Amino acid sequence: MTNILGIETSCDETGIAIYNDVQGITANVIHTQIPTHAKYGGVVPELASRDHVTKILPLIDTALEHAEITANDIDAVAYTAGPGLIGALLVGASVGRSLAMAWDKPAVAVHHMEGHLLAPLLEDPAPEPPFVALLISGGHTQLFEVQAIGAYQLLGESMDDAAGEAFDKTAKLLGLGYPGGPALSKIAEQGSHDRYKFPRPMTNRPGLDFSFSGLKTFAANTIASVDGTEQDKADIAWAFQDAVSETLAIKCRRALEQTGLSRLVVAGGVSANSAIRTRLEKLAHDLHATVYYPRPEFCTDNGAMIAFAGYHRFKAGQFADLAIEVNPRWPLAKLPPLCD
Ligand code: KG4
Ligand code: ZN
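Throughout this description, residue numbers start from 1 for each chain and increase along the sequence as written. Written order determines the labels here, with chains lettered from A and ligands numbered from 1. Local features in this predicted model are restricted to residues whose pLDDT is 70 or higher, and side-chain atom pairs enter the listing and the counts only when it is 80 or higher, whereas totals over whole chains, interfaces and linings include all residues. Neither water nor hydrogens contribute to the side-chain values; these are computed over all heavy atoms in the structure.

Observations concerning the site of ligand 1
Then step 1. Looking at ligand 1, there are 19 residues lining it, with G138, D168, G269, N273 and D301 nearest.
Then step 2. As used in this structure description, the phrase polar contact means that two N or O atoms lie within 3.5 Å; if the pair is within protein, one of them must be able to donate a hydrogen and the other to accept it, and residues adjacent in sequence are counted only when both atoms belong to side chains. The contact in question runs from an oxygen atom of ligand 1 to an N or O atom on the side chain of H112, over 3.1 Å.
Then step 3. A distance of 3.0 Å separates an oxygen atom of ligand 1 from a polar backbone atom of D301.
Then step 4. Where accessible areas are quoted, they stem from the Shrake-Rupley method and a 1.4 Å probe; at the residue level, only the protein chains shown are allowed to cover. When ligand 1 is considered free in solution it has 550 Å² of accessible area, and contact with the protein chains removes 88% of it.
Then step 5. In DSSP terms, a helix is any run of H or I states spanning at least four residues, a strand is any run of E spanning at least two, and both are numbered starting from the N terminus. Listed by contribution, the elements that provide at least two residues to the shell around ligand 1 are helix 4 (112-118), helix 5 (163-173) and helix 6 (180-188). Any residue with at least one heavy atom within 4 Å of a molecule or strand is counted as near it.

Topic: the environment of E230
Then step 1. As for its placement among the helices and strands, E230 is situated in helix 8 (residues 230-259).
Then step 2. Counting along the chain gives 56 residues from E230 to L174, while the straight-line C-alpha distance between them is 9.5 Å.

Remarks on the domain arrangement of the chain
Interfaces are often sized by the amount of accessible area the parts lose when they come together.
Then step 1. Domain start and stop points were drawn from an automatic or database domain assignment. Taken domain by domain, the chain comprises domain 1 (3-117 + 298-334) and domain 2 (129-293).
Then step 2. One C-alpha centre belongs to domain 1, the other to domain 2; they are set 27 Å apart.
Then step 3. Put simply, buried area is how much 1.4 Å-probe accessible surface two parts lose in total, over both of them, once they are put together. Together, the buried faces of domain 1 and domain 2 total about 1,500 Å²; carbon and sulfur atoms form 73% of this surface.
Then step 4. Put simply, a salt bridge is a Lys or Arg side-chain nitrogen that is within 4 Å of an Asp or Glu carboxyl oxygen. On inspection of domain 1 and its partner domain 2, the count reaches zero salt bridges.
Then step 5. Counting across the domain 1 and domain 2 interface gives four residue pairs in polar contact (both at pLDDT 80 or more).
Then step 6. Only helix 1 (34-38), helix 4 and helix 10 (303-315) provide two or more residues apiece to the side of domain 1 that touches domain 2.
Then step 7. Only Asp, Glu, Lys and Arg are considered charged, only Ala, Val, Leu, Ile, Met, Phe, Trp, Tyr, Cys and Pro nonpolar, and every remaining residue, Gly among them, polar. Classifying every residue of the side of domain 1 that touches domain 2 gives nine nonpolar, six polar and three charged.

Considerations on the pairing of strand 3 (residues 24-32)
Then step 1. In this analysis, strands are considered paired if DSSP registers two or more bridges between them. Where strand 2 (residues 13-20) and strand 3 come together, eight bridges link them in antiparallel fashion. Looking at the pairing, Y19 lines up with I25 of strand 3.

Describing the coordination of the zinc ion (ligand 2)
Then step 1. Here a donor is an N, O or S atom found within 2.8 Å of the metal, or within 3.2 Å if the metal is Na, K or Ca; sites may look incomplete because water is not among the atoms. The zinc ion (ligand 2) binds to the protein through H112 (NE2), H116 (NE2) and D301 (OD); the donor distances cover 2.0 to 2.1 Å.
Then step 2. Irregular is the default label, applied whenever a site is not tetrahedral (four donors, all angles between 85 and 135 degrees) and neither square planar nor octahedral (four or six donors, opposite donors over 155 degrees apart, all other angles between 65 and 115). Each of the four donor atoms bound to the zinc ion (ligand 2) contributes to angles spanning 96 to 131 degrees, and the resulting shape is tetrahedral.
Then step 3. Mapped onto the sequence, the residues coordinating the zinc ion (ligand 2) show the spacing H-x3-H-x184-D. Taken together, the residues span a long stretch of sequence, with H116 in helix 4 and D301 in the loop between strand 10 (290-292) and helix 10 at a distance of 185 residues.
Then step 4. The exposure class assigned to H116 is buried, which follows from its relative accessible area of 1%.
Then step 5. Between buried and exposed lies partly exposed: a residue is buried under 20% and exposed over 50% of the maximum accessible area for its type, with that area taken using a 1.4 Å probe on protein chains only. For D301, a relative accessible area of 14% translates into the label buried.

Concerning the nonpolar core
In a soluble, globular protein the nonpolar side chains are often hidden away together inside.
Then step 1. Each nonpolar core is a collection of buried residues, namely Ala, Val, Leu, Ile, Met, Phe, Trp, Tyr and Cys, held together in the definition by side-chain atoms within 4.5 Å. Counting 62 residues, the largest nonpolar core has L5, I16, I18, I60, L117 and Y152 as its most contacted members.
Then step 2. Ranked by residues supplied to this core, first place goes to helix 10 with eight residues.
Then step 3. Taken domain by domain, the makeup of this core includes at least three residues from each of domain 1 (3-117 + 298-334) and domain 2 (129-293).
Then step 4. Grouped together as the second largest cluster of nonpolar side chains are 42 residues, F167, A188, F210 and A219 included.

Some details on the packing of helix 5 against helix 8
The packing of two helices is summarised by the inter-axis angle and the distance between the axes.
Then step 1. Axis definition: a line fit to C-alpha positions, over the contact stretch in the case of helices; interaxial angles, taken between N-to-C directions, run 0 to 180 degrees. For the pair helix 5 and helix 8, interaxial distance at closest approach is 11 Å and the crossing angle is 170 degrees. Relative to helix 8, the element helix 5 is oriented roughly antiparallel. Counted together, A166, F167 and T170 of helix 5 and F240, Q241 and V244 of helix 8 form the full contact between these two elements.
Then step 2. When grouped by side-chain class, the residues that make up the contact of helix 5 with helix 8 number four nonpolar, two polar and no charged. Angles are sorted into four bins: roughly parallel if under 35 degrees, roughly antiparallel if over 145, roughly perpendicular if 65 to 115, and oblique for all others. Contacts: residue pairs with any heavy atoms within 4.5 Å of one another.

Next up, the structure:
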């Protein structure tokens, strides 16, 4: 039996989990910093780092208690080494690397987006490669062809804002709190379906890249043209969300057709969005394809996905050396292959 401790501190959640290769996730605890950052309207990196410092060790103790194991039972310590906020990453990497050294176990430096991408594999049924993966988070919007776990070929990505960033910025324009994605999606439920039609950026030309920054500008101009009643805001939120959903679905259709694959894996914070899920379910139905997601708590940042991705890298013998290193900008396609 193998137990992997997973540590996630790339942004505003301290996530700690334990993955056991027989039992699955045996502990998963999280401390969210949303209340800390909400009053500033976005993540304040220095506050994020400081908060991780105070929460990380007690959360590791709690995770060990929940899994009913001790540090002696841990076979490797996996931590997010990038991409993310450098100070926040350094907290998890310093603690993870040091614990591994103190416990005389290997350390594994995990790519945050590989964590997101593999999170749907924690569900039952788990998607089997090959598949197309759509990663939609606060920092990334990317489509990959995944021939095997560890072999990620980039098909397209956002040229500017990530989908989650567009949600957050538009939500801010609508006067909603941070993080804006869930709040915007909530008010969109009351929105009219035929008052506004937002553009579907980069869909009228070939290719699998995205651009979301124009939608935020379109939202700003639309907001400026109305009184700003609750109904106006709901209508704008619905139209914005509809544009993002349809744009993502158009690109996913292209990616599935181009690769000839019939499985679509969707992960990252924005994959919790139910309008997007509905749209992608319909696409999958039309194409006789299957779409897979993580459970909602594994869509946004969490330690479970890091423990799980860490397990795959651990099995391949890909250990971190003694230096405490992080990589705030780290392309997923650059990861070494996994041969197991
Ligand atoms: O994956 P994640 O937790 O962190 C990053 O790796 O970036 O994603 C966070 C992003 C935020 O932009 C947040 O607004 C968005 O995911 N998000 C949502 C929803 N839940 C989280 N966006 C739209 N609808 C949601 N339900
Ligand atoms: Zn994330």
